[in-house]
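Chains, contacts and geometry: an overview
Take a look at the letters that make up each chain.
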Amino acid sequence: MLDYISGYTINRVTLFALILSLGLLVDDPIVDVENIHRHYKLRKESPLQALLTAVDEVRPPTILATFTVIVSFLPMFFITGMMGPYMAPMAFNVPIAMIVSLIVAFTVTPWASFKLLQSDYHSHSDEPPEELKQTAVYRAYRAALGPLLATSGRAKLFLLIVLIAFVGSTLLAVTRAVPLKLLPFDNKNELQIMIDMPRGTTLEQTDEVARVLGGYLATVNEVTDYQTYTGLAAPMDFNGMVRHYYLRSGGYLGEVRINLLPKDQREQQSHEIALRIRPDIERIGKQYGANLKIVEIPPGPPVLSDLVAEVYGPPEASIADLIAVSKRIRADMEKTEGVVDVDDFSEAQHDKVRFQLNREKAALSGISVAQVAETLHIAAGGQMVGIVHQDSERQPLEIVLQLPRALRSSVPDLLALRVKTGQGDLIPLSEIGAATLGNEDQPIFHKNLQRLNYVVASMAGRSPVEAVFDLNDTLAERPLPDGYSAELAGEGEWKITVDVFRDLGLAFAAALVMIYVLLVGQTGSLSVPLVMMIAIPLTVIGIMPGFWLLNQFAAPVGAYPNPIYFTATAMIGMIALAGIVVRNSIILIDFIERIRARADATLAEALIEAGAIRLRPIFLTAGAAMFGAFVIILDPIFSGLAWSFIFGIFASTLFSLLVIPVVYFLINKKE
């Protein structure tokens, strides 16, 4: 209902936000029910009083923990660019779900627990109260934490090991051991092959390449059907719009649209199929001298190509000079690992026939320039002169007046065309002009009032980020001529990647600040919130090694790697974890403070007892969040978010049960 009021539709993003919320919704009720069950086992109070005591015990930290989760999602509202609409539904739905969960945890859950658990309380009334120190959980936790609290040196050594693990995990991204990408490849039911023949290639030759490609595609098991378009653009789709394919026309251009089996009827995703057929497609392209590009429909971003170099020159540079420098950039790209389908926006040299009209002779003969232009246009390009209706045809047939290809391709034949004079005489074009043969002019592109040429490429088995770094290193070793530059952060994926990860980093920083302010306001301390927030960097120890481990099992497709990328959605999962993992720290430290308030409790005993009490609910809430995200792994786009959740929660839960008590011990041992 709130989504409807706020204008959000039921789509892929909102559904995943709801799925993600499932694992978080049960956290508050888990904390309530587990604490009620623990108090029932203590048998110190009546069922109703034990329930009220249990709920009252966890109410303040649970409220605080819930709001930390909410504020960790709120900064996603302010992400700019193309990722903004992706994140807004998640930033809206998860906080709403958490507020409802909190209300249920303090109303429905206690009532249901009292109704359902009091029979269990009475049925075991003859059993002795549970002694915490006699349980296996307490003994195991004491065996793990006790030695670390024995001496300050041992505690500091443990924290040093954790710090080294954190730095090492961070370096996995810096050293490219974990590949970074804006968004992974989606699993679509279609692919495209773009055919670029040398300028001047006939329509029949281009069509021959398209037919050979079709014959090969007919042997690919996952291909259900294909359509070829020669000399004209295919119907416009997402790629046609953002990559300007809808403008393609000419006999030397073509396109093949491929439809694949439904996702549930094939083992490989569309990206893996594209990698598998790439060697055969490239072989066909080399055989016919064609530049063939395998194009996938991306989930985003709307860029000209995966990798784009904008080549600029000095104002006095000619187009030929600019193209020459572009060819060098193209050669560097072709040598870069993982870079495929390299092309530039210059055209191959091809002849152009120019007819020079002798205006004086034409005027003396009574022939106008328009007459000559119209004659040549009809002869070479054709002109519709009427339509024919036939019963066997659904649409009217156009009658086009045009010279046969053999005649319009011959300069002497074109010069033999005759033009009618004002007196009715027919004069051949050769008497009033001459034809000269030259090269066609190169297209000129501008951006921000500057001349430039584009060099574009796609990636296979590698991230554009890594290719950009390699190209920058190449340009640093072999600089371009003075006055020339190659901008790699223009129309390609690199600039959007930088912008999105910048916004996500700012959102992460904002979430940390908001969580800290919230904790300071609740605890009245500047140091205790920092101890609570130690669980946040611990997620990196799980996330980065987790992605590295996944890539150790990622099988290549033929000669191409097929890595699992750390994407923007994975970064979003890391931001969301900031509030989720802190909730366990909040409740753990709250129990430590309660136990320390007892006169007979030492600091070490309070830490071990609080951890043993909170061990089971921490594992239950962590498991609920992990399993709630597990189903998202099946989606190729949001799987990064799910993996971040799973690895981050797993590592943070294990480490925080030891790290937070150890840090708390070092800070408070002198009191």
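These numbers were taken from a predicted model, which means no experiment stands behind them.

1. Let's talk about the sheet that holds strand S2 (residues 223-230)
In spatial order, the strands read S2-S3-S1-S4; together these 4 strands make up an open sheet with antiparallel pairing. Looking at strand neighbours, the two that pair on one side only are S2 and strand S4 (291-295), the edges of this open sheet. Strand-to-strand twist of the sheet, defined as the mean angle between neighbouring strand axes without regard to direction, takes the value 15 degrees. Note that strand S1 (residues 190-196) and strand S3 (residues 253-260) share 7 bridges and pair antiparallel. When the bridges of S3 are listed, Glu190 appears paired with Asn259. This element, helix H9 (residues 203-217), spans S1, S2, S3 and S4 of the sheet and lies at about 175 degrees to S2.

2. Remarks on the packing of aromatic side chains
Considering all chains together, one arrives at 7 aromatic pairs under this definition. Relative to Trp494, the ring of Phe469 has its centre 5.5 Å away and its plane inclined at 75 degrees; by these criteria the two rings are edge-to-face. Separated by 25 residues along the polypeptide, Phe469 in helix H17 (residues 464-477) and Trp494 in helix H18 (residues 493-523) bring together distant segments of the chain. For Phe469, a relative accessible area of 35% puts it in the partly exposed group. Feature note: the residues Phe547, Phe566, Trp643 and Phe647 constitute an aromatic cluster, connected by ring pairs. Lying over the aromatic face of Phe591, Arg614 brings its terminal NZ or CZ to 5.2 Å of the ring centre.

3. Notes on the confidence of the model for the chain
Considering every residue of the chain, the mean pLDDT works out to 85; 96% of them sit at 70 or more. Mean pLDDT in the chain bottoms out at helix H2 (residues 12-25), which sits at 70, and peaks at S3, which reaches 95.

4. Quick look at the nonpolar core
Counting 105 residues, the largest nonpolar core has Met76 and Phe566 as its most contacted members. Here this core gets 19 residues from one element, more than from any other, and that element is helix H21 (residues 568-596). Excluding its chain neighbours within four sequence positions, the residues that come into contact with Phe566 are Val178, Pro179, Leu180, Lys181, Phe501, Ile543, Met544, Phe547, Met571, Met574 and Ser644. Formed by 24 residues, the second largest nonpolar core is a distinct cluster that contains Tyr216, Leu217, Ile277 and Ile284.

Conventions adopted
- Residues numbered from 1 in each chain as written.
- Predicted model: local features only at pLDDT ≥ 70, side-chain atom pairs only at ≥ 80, totals over all residues.
- Heavy atoms only, no water.
- Pairing = 2+ DSSP bridges.
- Helix = DSSP H or I, 4+ residues; strand = E, 2+ residues; numbered from the N terminus.
- Axes fitted to C-alpha atoms, helices over the stretch in contact; angles between N-to-C directions.
- Contact = heavy atoms within 4.5 Å.
- Phe/Tyr/Trp six-rings, centres within 6.5 Å; stacked < 30°, edge-to-face > 60°.
- Buried < 20%, exposed > 50% of the residue type's maximum accessible area, 1.4 Å probe, protein only.
- Lys NZ or Arg CZ within 6 Å of the ring centre and 35° of its normal.
- pLDDT = per-residue confidence, 0-100.
- Core = buried A, V, L, I, M, F, W, Y, C linked by side-chain atoms within 4.5 Å.

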